[in-house]
Amino acid sequence: QQQVKQSPQSLIVQKGGISIINCAYENTAFDYFPWYQQFPGKGPALLIAIRPDVSEKKEGRFTISFNKSAKQFSLHIMDSQPGDSATYFCAASMSSGYSTLTFGKGTMLLVSP
Amino acid sequence: DAGVTQSPTHLIKTRGQQVTLRCSPKSGHDTVSWYQQALGQGPQFIFQYYEEEERQRGNFPDRFSGHQFPNYSSELNVNALLLGDSALYLCASSLESINYGYTFGSGTRLTVV
């Protein structure tokens, strides 16, 4: 049972363009939604995260949009750069009980020069 | 400040063998979680250790076991290896009092032949 669905599986964007990755979740008990960035040979690194009490969070070129009623959230990368080429994972977690992360399957982003 | 350290970085084992992977958490962290990341997939939660006890477990068979030591470091053991156990094994550390501050290591790439 996949509790967090992520799309697209891969994405090619030109330098300077906007990259958009979408995720949908099923468990309404989730209340923490992070995005991780993973480069080849490295572990995932936290990029940005949001809680459902806000609809949008922006940090530099990265923005999370959150739609609680639709149970969806998305990552927008503005002014995409070749250095942003990596695999991006959305995840979800619950604050009740012991915190563990449920990940999406990932999106491989390639930003062409 | 060292982050999460995992060893070894790569490992090749034969079907039926046993393997032990090691993790040193980030300084100041007291909770260790293990994740399995198959090729092209998102990380899947194996189990979490706090105060030297396994306190939560994902959907993995008993062949997967672990341990946490008084210095908070941890081991992941897998018995009777199957080809399907080939994956990147990630260790993530956090502070129990702060539910969401996960730091991932670079992982151990296990290949079962």
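This text goes with the structure placed above it.
Residues numbered from 1 in each chain as written. Chains lettered and ligands numbered in written order. Predicted model: local features only at pLDDT ≥ 70, side-chain atom pairs only at ≥ 80, totals over all residues. Heavy atoms only, no water.

K.L.:
Whenever I open this one, the overall build of chain B confuses me. Can you help?
P.N.:
Scanning chain B from N- to C-terminus turns up 0 helices and 11 strands. Each helix (α) and strand (β) of chain B, taken in turn from the N terminus, gives the series β-β-β-β-β-β-β-β-β-β-β. Against the globule reference of 13 Å for 113 residues, chain B gives a C-alpha radius of gyration of 13 Å, in line with a compact fold. For chain B, the spread of C-alpha atoms along the three principal axes comes to 40 × 25 × 25 Å. A separation threshold of at least 6 residues defines the contact pool for chain B, and within that pool the share at least 24 residues apart is 54%. Carbon together with sulfur atoms contributes 48% to the accessible area of chain B, which is approximately 5300 Å² in total. Counting 8 positive and 10 negative side-chain charges, chain B places the averaged centre of each group 13 Å from the other. (Helix = DSSP H or I, 4+ residues; strand = E, 2+ residues; numbered from the N terminus. Rg over C-alpha atoms; globule rule 2.2 N^0.38 Å. Contact = heavy atoms within 4.5 Å. Areas by Shrake-Rupley, 256 points an atom, 1.4 Å probe, with all protein chains shown as cover. Lys, Arg positive; Asp, Glu negative; His and termini not counted. Charge placed at Lys NZ, Arg CZ, Asp CG, Glu CD.)

K.L.:
Would you explain the sheet that holds strand E3 (residues 19–24) of chain B in this entry?
P.N.:
Remark on secondary structure: sheet strands pair via backbone hydrogen bonds, oriented parallel or antiparallel. Residue and element names in this part refer to chain B. In spatial order, the strands read E1-E3-E8-E7; together these 4 strands make up an open sheet with antiparallel pairing. Unpaired on one side and paired on the other, strand E1 (5–7) and strand E7 (64–68) mark the two borders of the sheet. Strand-to-strand twist in this sheet, taken as the mean axis angle between neighbours without regard to direction, amounts to 20 degrees. When E3 meets strand E8 (residues 74–78), the two strands line up antiparallel, connected through 5 bridges. In the sheet register, Arg 22 faces E8, and the bridge partner there is Glu 75. (Pairing = 2+ DSSP bridges. Axes fitted to C-alpha atoms, helices over the stretch in contact; angles between N-to-C directions.)

K.L.:
In this structure, what is going on with the packing of aromatic side chains? I would like to understand it.
P.N.:
The relative placement of two aromatic rings is captured by the distance of their centres and the angle of their planes. All names here are of chain B. Counted by the stated rule, this structure contains 18 aromatic pairs over all chains. The interplanar angle of 55 degrees and the centroid separation of 5.6 Å between the aromatic rings of Tyr 35 and Phe 104 together place this pair among those described as tilted. On the criterion of sequence distance, the pair formed by Tyr 35 in strand E4 (residues 31–37) and Phe 104 in strand E10 (residues 98–104) is long-range, its members being 69 residues apart. Phe 104 carries the same exposure label as Tyr 35, and that label is buried. Taken together, a centroid distance of 5.2 Å and an interplanar angle of 70 degrees make the contact between Phe 60 and Phe 64 edge-to-face. (Phe/Tyr/Trp six-rings, centres within 6.5 Å; stacked < 30°, edge-to-face > 60°. Buried < 20%, exposed > 50% of the residue type's maximum accessible area, 1.4 Å probe, protein only.)

K.L.:
Explain the nonpolar core to me, please; I cannot follow it from the model alone.
P.N.:
Where a protein is soluble and globular, its nonpolar side chains tend to be buried together. Within the largest apolar cluster, 24 residues are counted, with the highest numbers of intra-cluster contacts made by Phe33(A), Trp35(A), Phe73(A), Leu75(A) and Tyr88(A). Going through the elements one at a time, strand E2 (10–14), strand E3 (19–25), strand E4 (33–38), strand E5 (45–50), strand E7 (62–67), strand E8 (72–77), strand E9 (86–92) and strand E11 (107–112) of chain A are the ones with two or more residues in this core. Per-element accounting of this core gives the leading share, 4 residues, to E9(A). Judged by nonpolar contacts, the second largest core, of 20 residues, contains Cys23(B), Phe60(B), Phe64(B) and Leu76(B). (Core = buried A, V, L, I, M, F, W, Y, C linked by side-chain atoms within 4.5 Å.)

K.L.:
It is not clear to me how the side chain of Arg63(B) should be interpreted in this structure. Could you clarify?
P.N.:
Residues and elements named next belong to chain B. Assignment of secondary structure puts Arg 63 in the loop between strand E6 (53–57) and E7. Reaching out from Arg 63, the side chain makes a polar contact with the backbone oxygen of Ala 80 at a distance of 3.2 Å. When neighbours within four sequence positions are excluded, Arg 63 is seen to be in contact with Asn 77, Val 78, Asn 79, Ala 80, Leu 81, Leu 82 and Asp 85. (Polar contact = N/O pair within 3.5 Å; in protein donor to acceptor, adjacent residues only side chain to side chain.)

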